[in-house]
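In case you want the letters, here they are:
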Amino acid sequence: MPELAAAPVPSRTHLVLIPSYNSGRLVVETVQTARAVWNPVWVVFDGSDDGSDVLLEQALGQAAQRTQDDTGVRIIKLPANQGKGSAILTGLKAARANGFTHALTMDADGQHPPDFIARFMSLSREHPDAMILGRPVFDANAPSLRVKGRRISNWWTNLETLWSGVDDSLFGFRVYPVAALARIMSSQPWMRRFDFDVEAAVRLCWSGVRPISVDAPVRYLSLDEGGVSHFRYGRDNVLLTWMHCRLLLGFLIRLPLLLIRKFRSWPAQ
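Calculation criteria
Residues numbered from 1 in each chain as written. Predicted model: local features only at pLDDT ≥ 70, side-chain atom pairs only at ≥ 80, totals over all residues. Heavy atoms only, no water. Axes fitted to C-alpha atoms, helices over the stretch in contact; angles between N-to-C directions. Helix = DSSP H or I, 4+ residues; strand = E, 2+ residues; numbered from the N terminus. Parallel < 35°, antiparallel > 145°, perpendicular 65-115°, else oblique. Left-handed = near helix turned anticlockwise from the far one by under 90°. Contact = heavy atoms within 4.5 Å. Nonpolar A, V, L, I, M, F, W, Y, C, P; charged D, E, K, R; others polar. Phe/Tyr/Trp six-rings, centres within 6.5 Å; stacked < 30°, edge-to-face > 60°. Buried < 20%, exposed > 50% of the residue type's maximum accessible area, 1.4 Å probe, protein only. Lys NZ or Arg CZ within 6 Å of the ring centre and 35° of its normal. Pairing = 2+ DSSP bridges. Salt bridge = Lys/Arg side-chain N within 4 Å of Asp/Glu carboxyl O.

Undergrad: Any chance you could explain the packing of helix α3 (residues 84–97) against helix α6 (residues 178–186) here in plain terms?
TA: For any two helices packed against each other, one specifies the crossing angle of their axes together with the interaxial distance. The N-to-C vectors of α3 and α6 enclose an angle of 130°; their axes lie 10 Å apart at closest approach. On the basis of their axis angle, the class for α3 and α6 is oblique. Of the two possible hands of crossing, α3 and α6 adopt the one that is left-handed. Here G85, L89, L92, K93 and R96 of α3 lie close against α6, whose contacting residues are V178, A179, L181, A182, M185 and S186. The residue makeup of the contact of α3 with α6, split by class, is 7 nonpolar, 2 polar and 2 charged.

Undergrad: Help me understand the packing of aromatic side chains, please; the structure alone is not making it clear to me.
TA: Applying the stated criterion to the full structure yields 8 aromatic pairs. Taking 6.5 Å as the distance between ring centres and 20° as the angle between the ring planes, the aromatic pair formed by F138 and Y220 counts as stacked. Of this pair, F138 sits in strand β5 (residues 130–138) while Y220 is found in the loop between β7 (210–218) and α8 (233–265), placing the two residues 82 residues apart along the sequence. By relative accessible area, Y220 is classed as buried at 14%. A network of ring pairs unites the aromatic residues F120, F171 and F173 as a single cluster. Between R74 and the ring centre of W42, over which it is positioned, the NZ or CZ distance is 4.6 Å.

Undergrad: What is the right way to look at the pairing of β5 in this model?
TA: Two faces belong to every sheet, and in a regular strand the side chains alternate between them. In the sheet, β5 pairs with β7 via 9 bridges, with the strands oriented parallel. Looking at the pairing, I132 lines up with I212 of β7. Bridging between β5 and strand β6 (residues 174–177) involves 2 bridges; their strand directions are antiparallel. From the neighbouring strand, L133 faces β6, where its bridge partner is R174.

Undergrad: How should I be thinking about the environment of L257 in this particular structure?
TA: Along the chain, L257 falls in helix α8. Using a relative accessible area of 51% as the deciding quantity, one classes L257 as exposed. Considered as a pair, L257 and W206 are 51 residues apart in the sequence and their alpha carbons are 9.2 Å apart.

Undergrad: Can you help me understand the pattern of salt bridges in this one?
TA: What the rule picks out here adds up to 11 salt bridges. D53 serves as the salt-bridge partner of K77, at 3.1 Å between the closest nitrogen and oxygen. Taken together, the residues span a long stretch of sequence, with K77 in strand β3 (residues 73–78) and D53 in helix α2 (residues 52–67) at a distance of 24 residues. With a relative accessible area of 42%, K77 lands in the partly exposed category. You can call D53 buried: its relative accessible area is 12%. Ionic pairing is found between D107 and K84, a salt bridge with its closest N-O pair at 3.3 Å. Here D107 is found in the loop between β4 (102–105) and α4 (117–126), whereas its partner K84 is found in helix α3, with 23 residues between them in sequence. Residue D107 is classed as buried on the basis of its relative accessible area of 18%. Among the residues examined, K84 registers a relative accessible area of 22% and is labelled partly exposed.

Undergrad: I keep staring at the sheet that holds β4 and nothing clicks. Help me out?
TA: Note: strands within a sheet are paired through backbone hydrogen bonds, in either parallel or antiparallel orientation. Taken together, the 7 strands give an open sheet; going across it, the order is β3-β2-β1-β4-β6-β5-β7, and neighbouring strands pair in mixed fashion. Strands at the two margins of the open sheet, each flanked by one partner only, are β3 and β7. Across the sheet, the mean angle separating the axes of adjacent strands is 25° when strand polarity is ignored. Sitting on the sheet, helix α1 (residues 26–35) touches β1 (14–20), β2 (41–46) and β3, and the angle it makes with β2 is about 160°.

Undergrad: I tried to follow the pairing of β4 on my own but got confused; where do I start?
TA: The side-chain alternation of β4 yields two buried faces, one formed by H102 and L104 and the other by A103 and T105. Pairing between β1 and β4: 4 bridges, direction parallel. Across the sheet, L15 pairs through a bridge with A103, a residue of β4. Of the pairings in the sheet, the one linking β4 to β6 comprises 4 bridges and is antiparallel in character. Bridge pairing in β6 places L104 opposite V175.

In short, shape yes, function no, at least from these values alone.
Shown next as structure tokens:
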């Protein structure tokens, strides 16, 4: 089991939020690399039943005994699997209650680059009213179907936001304003599962939160490396189709206001 290094000086405004569902040993590695560069790191286990939560608790216990101080990690457990969006909303509510203003979300499966956490957090501090969105840079191991398929969702997302700057709608490595996102999610029943990433970007754009897109590498781990994926092409593509139908309707309702906002932003652009 990899050891956890001493946590950096804790931030009072920005935290790393990791939703996890049956990520196996990868969640320990992800937390280890994330907290090597940032503190605090929160993990929300979304009804995991593979023992990954126990693995992380054991690693944290060993670190606490060795360093005699706070490991910089908080674990939240949901009793049953509710979906990525639900796990993130649980974390957002807890973060807001503890005074945090921004949360960087990243997956627990090792796809997202921990080395970029500090860079994204710095941009968020420079632009606190914006959301910092990762723009994935794929390597040769990225599944062609996943890379090409996301172009459809990206096109619809750009239409629904009038090309406001959401360069990738599905990449979950992002920094969100906590209060704005929690308020949007709490006001309606959607965004609870795989539809979270796309809908969060669109609805935050609608509310006036400016997107800033930044390149970030993404890697797909093989089964031998412990790679896991809970994406189901049939089920989740149906979910995305239904989501874009809802968003398109919402876009048409908001179109006059969005056009006015777009027109007013032209001189600044």
